[in-house]
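Here are the chains, one letter per residue:
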Protein chains: 2
Amino acid sequence: MVQLAAELTGKAGSDKKWVYLFQEGNASMRDLLGGKGAGCAEMTNAGLPVPPGFTITTEACNAFYAGGKSLPAGLWDQVLASMRSVEEQTGKRFGDPNNPLLVSVRSGAKFSMPGMMDTVLNLGLNDDVAAGLAKLTGNERFAFDAYRRFIQLFGKIVLGVKGEVFEHELDQVKERLGAKTDADLSVDALKDLVAHFKSIVKQQTGEDFPTDPLQQLERAVMAVFLSWNGKRAIDYRNFNRISHDLGTAVNVQTMVFGNMGSDSGTGVAFTRNPSTGEKRLFGEYLLNAQGEDVVAGIRTPAPIATLERDMPEVYKQFEEIAERLERHYKDVQDLEFTIERGKLYMLQTRSGKRTGPAAVKIAVDLVREGLIDKRTALTEKYVPAADITQLLLPRFVVEDKEKATSESRLLATGLNASPGAAAGKAIFTADKAAELGERGEAVVLVRQETSPDDVHGMIAARGVLTARGGATSHAAVVARSMGKPCVAGAGDLRIDDRTGEMRAGDRVIREGEFISIDGATGEVFAGEIKTREPNFAEETDLQTLLGWADDVRRLQVWANGDYPRDAQKAREFGAQGIGLCRTEHMFFEEERLPIVQQMILAEDEAQRQDALDKLLPIQKEDFRGILQAMAGLPVVIRLIDPPLHEFLPSFEEQLTKVVELRTRGDNPAALAKEEHLLHVIENMREQNPMLGLRGIRLGLMFPGIVEMQCRAIIGAACELKKDGIDARPEIMVPLVSHVNELERTRLQLERVAEDEQKRQGVSVHFKIGTMIELPRAALTAAAIAKHAEFFSFGTNDLTQTTYGFSRDDAEGKFLLRYVQEKILPENPFQVLDRDGVGQLVRIAVEQGRGTRPDIELGICGEHGGDPSSIEFCHEAGLDYVSCSPFRVPVARLAAAQAALSGGERDR
Amino acid sequence: MVQLAAELTGKAGSDKKWVYLFQEGNASMRDLLGGKGAGCAEMTNAGLPVPPGFTITTEACNAFYAGGKSLPAGLWDQVLASMRSVEEQTGKRFGDPNNPLLVSVRSGAKFSMPGMMDTVLNLGLNDDVAAGLAKLTGNERFAFDAYRRFIQLFGKIVLGVKGEVFEHELDQVKERLGAKTDADLSVDALKDLVAHFKSIVKQQTGEDFPTDPLQQLERAVMAVFLSWNGKRAIDYRNFNRISHDLGTAVNVQTMVFGNMGSDSGTGVAFTRNPSTGEKRLFGEYLLNAQGEDVVAGIRTPAPIATLERDMPEVYKQFEEIAERLERHYKDVQDLEFTIERGKLYMLQTRSGKRTGPAAVKIAVDLVREGLIDKRTALTEKYVPAADITQLLLPRFVVEDKEKATSESRLLATGLNASPGAAAGKAIFTADKAAELGERGEAVVLVRQETSPDDVHGMIAARGVLTARGGATSHAAVVARSMGKPCVAGAGDLRIDDRTGEMRAGDRVIREGEFISIDGATGEVFAGEIKTREPNFAEETDLQTLLGWADDVRRLQVWANGDYPRDAQKAREFGAQGIGLCRTEHMFFEEERLPIVQQMILAEDEAQRQDALDKLLPIQKEDFRGILQAMAGLPVVIRLIDPPLHEFLPSFEEQLTKVVELRTRGDNPAALAKEEHLLHVIENMREQNPMLGLRGIRLGLMFPGIVEMQCRAIIGAACELKKDGIDARPEIMVPLVSHVNELERTRLQLERVAEDEQKRQGVSVHFKIGTMIELPRAALTAAAIAKHAEFFSFGTNDLTQTTYGFSRDDAEGKFLLRYVQEKILPENPFQVLDRDGVGQLVRIAVEQGRGTRPDIELGICGEHGGDPSSIEFCHEAGLDYVSCSPFRVPVARLAAAQAALSGGERDR
């Protein structure tokens with residue numbers, strides 16, 4: 001490191017090329033020039049009208065830090081030379097009052113980090129240059145407005161003066177002069193402001209505002225480098241998992257002005273609609289304005305289409321450029337442009353962010369148009385797999401949302417924390433939301449931030465909106481787990497649950513008024529926007545894309561489901577099997593629970609057997625249903641797993657009942673009865689039920705239960721076979737820790753299965769296998785595989801035991817903070833932990849295949865629906881992932897992406 | 001296997017040697033001839049008077065099973081040839097009424113399985129032979145008594161007639177004739193019995209009692225083979241971890257009779273006292289009796305010493321033989337002998353079982369006597385490491401126990417389930433035992449068998465006695481875990497808790513009368529036998545042996561201890577450090593708990609800090625004490641580990657309080673207060689506290705606690721240093737699952753430690769390390785070792801998470817049955833599971849040393865005191881084991897045994 005630093009800062013560095021003119025770079029130099037720099041270079045070399053400029057490399061940024069925050073040797077000379085080149089190209093001169101060159105200084109990292117780093121505009125101005133600019137343009141107003149903006153930005157970003165100080169001064173001047181907007185200020189007022197701003201700088205920093213343009217430039221470049229390690233930027237990179245050692249480039253570019261009259265303007269546009277994917281220019285612009293004005297929201301921009309009417313030539317040129325850039329980059333482009341006195345300048349081009357539905361349509365359209373091939377369309381760059389869920393959730397009706405936008409009903413944009421769209425009454429407390437929600441009213445729960453106390457309100461609401469908190473805040477995490485739309489951290493909203501009001505700027509929403517939120521975009525609207533339910537079958541582009549994915553992927557995609565309706569849904573979404581059918585859910589149904597309780601509370605074997613005999617036909621019907629729905633495909637049925645006390649009243653309930661009766665003392669008979677039940681429940685209680693008498697331990701202690709279930713499964717398969725239906729049950733033994741547990745159970749299951757087949761006079765195909773959900777099972781998988789035809793990785797429990805985290809407790813008590821404070825890179829219950837849990841999976845895969853080469857290997861934990869975890873499953877050589885039916889399309893695409901990204905089996 | 005079976009049963013087998021005359025074998029042929037056969041062979045070849053005979057090999061037994069339970073080819077011919085040789089040696093002939101040869105047929109496996117397999121005596125008798133025998137001996141009574149005994153044994157063992165049927169008949173005859181004992185029966189009565197017994201056989205089996213001696217022999221041999229796989233034998237082997245495929249040999253040996261008059265007798269003797277190790281013949285004999293009579297307990301045998309008076313020549317010969325055998329085998333011998341008409345015959349010699357104290361004395365004496373060297377004395381054969389605990393537990397005063405024995409107060413002998421001796425009132429219910437025990441009375445809890453409902457009684461009792469259950473029964477397991485004496489499965493006792501009586505044969509003990517139990521031998525006595533407390537310092541033989549062990553072992557032995565008194569005890573026992581000092585126990589002390597609760601319930605940081613400030617000096621004093629007691633040796637101090645709710649009232653208690661107040665409704669103020677506390681406790685409750693907010697998770701959520709503890713530890717060390725005392729604290733971070741947890745905590749600890757050293761103006765040496773107690777920590781140990789100077793394997797928690805067993809729940813709910821039913825080979829909380837947990841330990845050792853070659857590695861789980869687990873720790877290359885102070889001597893010896901058994905580091 002020491003040597004490297006020396007190399008970067010010492011003599012060796014002086015020969016290094018730190019600066020590239022735009023004409024010297026190209027799109028492939030993104031690492032060195034950043035996204036913006038590479039884009040400008042590519043456009044420049046393509047002959048597009050880009051204001052001349054140059055890029056200081058990301059290496060220079062790293063050298064700056066390595067050298068103790070000083071510019072590396074040789075850099076400044078290269079900057080000066082590049083400035084001379086820009087002067088030649090523009091015919092203007094930096095610091096020359098007669099024909100001044102002004103520049104912008106902007107950061108530009110490899111990956112876009114919008115708003116996270118700093119930009120200085122109009123650099124090169126001082127009193128003389130401003131006067132010269134006024135003269136040259138004949139527009140004193142323009143010149144001094146540019147000057148005061150420069151001082152304001154430079155003061156804030158380079159000199160560290162708080163932005164509010166300037167804002168406050170500006171507001172005071174406006175108030176004094178009765179000006180409503182900045183545009184109402186007179187030339188004199190602007191000149192006054194310039195003087196005031198300079199004295200503010202002197203007062204706050206103790207130094208005069210720098211008048212030397214080259215000094216301005218040097219300090220601005222260093223400020224941009226420093227902004228790379230600003231808190232906001234670091235947080236953003238942490239959250240988006242961008243490496244901290246990439247560094248940022250700095251772009252120095254000739255200023256062009258969209259605010260030089262009605263033949264000038266500025267705008268942004270996408271080459272296709274980023275919400276729908278429709279192939280048509282989509283964007284907006286403002287005449288006689290600079291970029292800031294668009295952001296300030298004082299004037300409403302016009303749709304890009306109206307530019308055709310305003311300046312037909314320019315529009316045509318822009319259209320051609322947009323088309324060229326899209327063809328060039330083979331993707332939707334997000335463009336920034338400025339028109340200065342009728343001349344179009346392109347300031348930026350980059351891949352456009354888009355919604356899930358747009359991503360799918362665009363990817364498919366680009367293939368149809370011949371721009372990309374199918375394999376390219378399947379990559380994460382075009383369609384992030386997780387975004388597909390947006391097509392399976394309620395969405396706003398496009399026309400209705402456009403109407404809301406055009407009516408300026410957009411209140412704020414927060415974080416797109418959990419996809420889906422919802423409209424409902426804005427309700428500010430969880431209790432009230434629960435009350436209304438249970439009455440069937442459409443409610444959006446609106447909170448400053450949520451806590452575990454709000455969960456009942458979240459359950460009852462259609463969606464959740466918070467003013468504070470990020471993508472891992474309580475609201476975001478819980479909403480995602482519930483599959484509900486959530487917009488989090490909409491910081492522009494002021495929510496006051498005492499007055500029952502929410503403010504967005506001047507606008508007030510009273511509690512009970514309708515709002516609409518789009519969890520895929522983070523938008524919050526006033527009033528109701530209609531939503532439409534998704535229809536998978538009608539999503540033809542998605543079907544097309546998933547068809548291509550199916551051709552590419554190696555991993556099969558199965559689904560978890562307990563009921564025939566789940567199975568039907570899963571098949572519709574393309575599932576190739578059921579990877580986890582939990583049998584105990586059926587026990588909770590109302591008419592069955594008393595029989596289950598009879599079984600548990602039985603005082604002798606006869607009573608217990610009697611209950612089991614009653615359950616047998618019921619379970620058989622359950623299994624018939626799901627096996628029939630999945631005819632021809634495998635159905636993995638897990639034997640009873642939860643501890644039996646889950647089927648009894650809770651200890652607390654029963655204790656409360658007993659203490660009440662005891663305190664009253666008026667009903668000794670009832671007391672005795674309830675005390676008996678309390679005693680039974682108490683005896684069954686466990687300190688740590690997760691690690692207690694459940695899974696196959698239960699089966700070994702009460703063999704009758706497992707035998708009943710096995711008879712029901714095989715019995716159902718036999719009956720279906722006689723009806724000509726191809727049932728393919730796979731019996732899964734849960735929570736095996738020692739091979740003997742499985743060996744013994746297997747013998748028992750085989751005996752029952754044989755007996756049932758004899759009884760029915762047919763034979764059926766079935767498999768017996770086990771969950772791998774305890775570390776010991778993974779570590780001893782070679783022995784376990786002797787008795788298992790398949791392994792299904794139960795990564796939920798495996799994560800719990802490998803980490804020693806009880807999910808129920810951890811997520812509420814510390815896991816969220818662990819993720820927020822970066823103690824853990826992510827929630828291991830959402831993204832499979834490759835270092836720990838993944839290591840165990842790999843051990844078990846290797847051992848399992850070693851013993852039984854054709855062993856069937858899959859995953860049935862929640863990770864089965866998470867793209868990063870699916871990539872791992874592909875790499876680890878599993879045969880399938882199983883996830884909730886709803887995640888099947890995501891998994892199909894993620895499996896294809898894993899295959900395309902080159903992960904190879906047993907790599 | 002098929003081929004092997006063919007080989008064993010087919011032609012190939014006929015050439016094989018299946019039978020060895022005693023003179024053809026020797027002591028090294030134990031595998032082939034079994035212990036008894038090898039012993040008889042060795043004695044025969046040493047010229048000792050052994051009744052002639054031969055041994056059918058263990059291979060024959062295996063061939064018998066491989067061949068579908070038929071004798072292998074060639075075997076019978078070899079048996080016939082050997083019988084002819086025996087006839088020649090004895091001058092008697094098998095089946096010849098004129099001079100009949102009678103034989104015994106006994107099993108004899110490689111390892112002694114006392115009473116587990118079957119023996120037939122007096123084989124070769126039929127009506128003619130019996131008559132001839134009567135004539136030859138001139139003793140009709142003897143001849144017909146031998147005959148009826150033969151029918152009885154053969155009927156029971158070979159023909160499968162229930163023993164009770166014969167016993168019943170015998171009792172009826174005795175009653176009819178007014179005979180008190182068998183000896184009172186007349187010759188006619190015995191002849192009648194023979195006839196009756198034969199008709200019983202006919203009636204029960206449908207066949208006549210076999211009269212052909214050769215047929216008797218063949219069937220007896222097969223019966224012995226079959227007994228190898230009898231249920232009792234299988235259970236015994238399972239429990240003692242003896243392989244099931246060893247097979248048993250069969251010994252056919254000339255009968256000699258100790259019941260042929262007053263010049264005959266039979267007895268057993270040890271070459272040294274098996275209770276104390278004293279070097280003097282120890283045993284007993286009966287004149288004019290057979291072995292069975294000793295067992296039946298009708299006549300009281302005489303001490304072996306009186307044989308000198310009865311038959312001085314024979315005694316002298318026996319003494320010489322005993323001495324010779326001991327020198328020959330270099331170990332205490334357990335001898336069986338018979339004197340037939342003045343001639344001494346040796347029937348068996350084998351290593352004598354002995355108590356822990358005897359084992360230690362004998363081993364040390366044998367070294368002193370030059371029979372063995374020190375390394376041999378240290379082996380498990382001479383001193384099983386676990387038996388050392390017997391020297392550290394109360395023992396019976398030897399004279400007092402001898403007195404009890406001589407007064408025939410021995411009631412029964414059960415299983416030696418948990419060592420130590422206790423005397424107390426026999427109490428038959430747990431409630432009553434608890435009541436008396438809490439009053440300070442000496443109580444022995446006596447139960448048919450115990451269940452979790454009896455635990456409070458066990459806690460209050462000095463010892464536990466059960467009539468049913470084996471070494472893994474509830475009583476045995478729980479008593480061992482409590483360190484209390486327990487005799488289990490004393491099947492001869494009839495316990496009736498309704499009548500308050502316990503019967504042992506004719507003797508009746510009423511509830512409340514004193515009994516005494518010896519958990520090291522399984523003996524139960526009527527009345528009180530005085531016990532004496534152990535004094536480690538006075539156990540000079542043990543000190544000597546452990547000194548030798550210290551010279552041999554590589555593993556260090558540390559102790560777990562929380563208080564200075566534990567540390568002193570540990571040092572006294574030879575501990576070389578404290579491997580686990582738990583800091584939270586101190587929090588539970590009466591005057592501290594309110595401060596701890598203040599800390600937990602604090603509503604803001606100031607309140608919490610105030611409580612921590614109060615705890616700091618208290619904790620510092622705690623640490624001063626233990627660091628001072630261990631001056632010069634390392635003390636590993638674990639930061640707070642248990643969930644905070646453990647320091648609050650239990651949820652149930654608090655709920656009960658609230659429901660009572662609520663139901664009464666007369667004290668709303670109190671109700672509100674208690675409801676608030678209930679709410680707090682409820683919020684802190686966890687589904688699975690084992691996997692919840694505890695360990696370093698707590699430290700990361702409430703950094704103030706950890707900082708206070710660190711300041712107290714380093715502060716104490718600094719103060720001691722100023723007093724000239726060498727304190728060596730090692731700070732241990734518990735429950736790390738991800739390296740970041742440790743990295744962050746380490747930075748925090750280092751900061752506090754530095755600050756405290758500056759404050760005190762001295763610097764001290766300390767280490768920071770971590771528990772490895774979660775699978776993930778073991779799997780990612782390479783990364784964790786970057787921030788840990790030591791690893792301490794917390795194998796209790798590691799076993800819980802690797803197996804997914806909550807110990808609290810598992811041991812009560814299913815683990816016991818798992819072990820009983822052999823689903824698990826042993827309780828993994830007692831014996832470290834090498835395949836699972838051990839694999840993780842090895843992974844962590846390898847990764848840890850890879851990152852940091854000098855990392856200090858130890859184990860602090862309960863396994864640290866278990867010999868088999870210590871052997872594993874040695875093999876895995878750990879630096880030390882840490883166990884309870886009481887187990888330190890065991891661990892010292894076990895560590896030496898591990899080193900001697902050739903386990904090598906990283907093997």
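You'll find the structure just up there.
Source: prediction; values computed, not measured.

### Regarding the pairing of strand β7 (residues 248–254) of chain B
Residue and element names in this part refer to chain B.
- Burial analysis of β7 places 7 of its 7 residues in the buried class, the great majority of the element.
- Side chains of β7 alternate between two faces, with T248, V250, V252 and T254 and A249, N251 and Q253 buried alike.
- Strand direction decides the pairing type here: strand β2 (residues 53–56) and β7, joined by 4 bridges, are antiparallel. Each bridged residue has a counterpart across the sheet, and for I56 the counterpart in β7 is V250.
- In terms of strand pairing, strand β5 (residues 103–109) meets β7 through 7 bridges, oriented antiparallel. Across the sheet, V103 pairs through a bridge with T254, a residue of β7.

### Section: the side chain of Q757 of chain B
- Relative to the elements of secondary structure, Q757 of chain B occurs in helix α29 (residues 739–760).
- Sequence-distant contacts of Q757 of chain B, that is, excluding residues within four places in its chain, are made with I714, C718, V762, S763, V764 and F766 of chain B.

### Looking at the relation of the copies chain B and chain A
- In the superposition of chain B on chain A (RMSD 0.5 Å, axial shift 0.2 Å), the rotation amounts to 180 degrees. Those values place the two copies in the arrangement expected of a two-fold rotation axis. The rotation axis passes nearest to the C-alpha of N688 of chain B in chain B, at a distance of 1.9 Å.
- Of the residues that chain B buries at the interface, 100% are likewise interface residues in chain A, meaning the two copies contact each other through the same surface.

### Considering the sheet that holds strand β6 (residues 119–123) of chain A
All names here are of chain A.
- The sheet built from 5 strands is open, its strands ordered β1-β2-β7-β5-β6 with antiparallel pairing. Unpaired on one side and paired on the other, β1 (19–21) and β6 mark the two borders of the sheet. Between one strand and the next, the sheet's axes are offset by a mean angle of 20 degrees, whatever the strand orientation.
- Contacting β1, β2 (53–56), β5 (103–109) and β7 (248–254), helix α5 (residues 75–90) runs over the sheet at an angle of about 165 degrees to β2.

### Section: the packing of aromatic side chains
- Summed over the entire model, instances satisfying the criterion amount to 37 aromatic pairs over all chains.
- An angle of 85 degrees between the planes, with centres 4.8 Å apart, marks the rings of F142 of chain B and F257 of chain B as edge-to-face. Of this pair, F142 of chain B sits in helix α7 (residues 140–157) while F257 of chain B sits in the loop between β7 and β8 (265–270), and the two are 115 residues apart along the sequence.
- On the basis of relative accessibility, which here comes to 6%, the residue F257 of chain B falls in the buried class.
- Judged by centre distance (4.6 Å) and plane angle (45 degrees), the ring pair of F318 of chain B and F337 of chain B falls under tilted. Pair noted here: F318 of chain B is in helix α14 (residues 312–329) and F337 of chain B is in strand β11 (residues 333–340), with a separation of 19 residues, a long-range link.
- Of the residues examined, F318 of chain B reaches a relative accessible area of 0% and is grouped as buried.
- The structure contains a cluster of three or more aromatic residues connected by ring pairs, namely Y803, F805, F814 and Y818 of chain A.
- Of note, R565 of chain A hangs over the ring of Y563 of chain A, and the distance from its end group to the ring centre comes to 4.6 Å.
- Its end group placed over the ring of W18 of chain B, K16 of chain B keeps NZ or CZ at 5.8 Å from the ring centre.

### Some thoughts on the interface of chain B and chain A
- Taken residue by residue, the interface counts 56 residues in chain B and 56 residues in chain A.
- Summed over both sides, the interface between chain B and chain A buries roughly 5,200 Å², with carbon and sulfur atoms accounting for 57% of that surface.
- Ranking the residues of chain B by area buried against chain A places L691, M701 and R776 of chain B at the top, with a combined share of 12%.
- Linking chain B to chain A there are 4 salt bridges.
- Taking the shortest distance from any N to any O, the salt bridge between E652 of chain B and R685 of chain A comes out at 3.0 Å.
- Those elements that place two or more of their residues in the side of chain B that touches chain A are α25 (651–664), α26 (668–684), α27 (696–701), α29, α30 (775–779), α32 (795–803), α33 (807–820) and α34 (834–851) of chain B.
- In terms of residue count, the dominant contributor to the side of chain B that touches chain A is α25 of chain B (8 residues).
- Considered class by class, the residues forming the side of chain B that touches chain A number 22 nonpolar, 17 polar and 17 charged.

### Considering the sheet that holds strand β33 (residues 880–883) of chain B
Residue and element names in this part refer to chain B.
- With parallel pairing, 8 strands are arranged side by side around a closed barrel as β26-β27-β28-β29-β30-β31-β32-β33. Mean inter-strand twist for the sheet, computed between neighbouring axes without regard to direction, equals 30 degrees.
- In this structure, strand β26 (residues 556–560) lies alongside β33, joined through 4 bridges in parallel fashion. Each residue of the ladder has a partner; that of A559, found in β33, is C883.
- Across the sheet, helix α24 (residues 605–629) lies against β27 (578–582), β28 (634–638) and β29 (728–733), angled at about 150 degrees from β28, the strand it touches most.

What counts, and where the lines are drawn
- Residues numbered from 1 in each chain as written.
- Chains lettered and ligands numbered in written order.
- Predicted model: local features only at pLDDT ≥ 70, side-chain atom pairs only at ≥ 80, totals over all residues.
- Heavy atoms only, no water.
- Buried < 20%, exposed > 50% of the residue type's maximum accessible area, 1.4 Å probe, protein only.
- Helix = DSSP H or I, 4+ residues; strand = E, 2+ residues; numbered from the N terminus.
- Pairing = 2+ DSSP bridges.
- Contact = heavy atoms within 4.5 Å.
- Least-squares fit on C-alpha atoms with pLDDT ≥ 70 in both.
- Axes fitted to C-alpha atoms, helices over the stretch in contact; angles between N-to-C directions.
- Phe/Tyr/Trp six-rings, centres within 6.5 Å; stacked < 30°, edge-to-face > 60°.
- Lys NZ or Arg CZ within 6 Å of the ring centre and 35° of its normal.
- Buried area = accessible area lost by both parts, 1.4 Å probe.
- Salt bridge = Lys/Arg side-chain N within 4 Å of Asp/Glu carboxyl O.
- Nonpolar A, V, L, I, M, F, W, Y, C, P; charged D, E, K, R; others polar.

Such coordinate-based values are descriptive only and should not be taken to indicate function.
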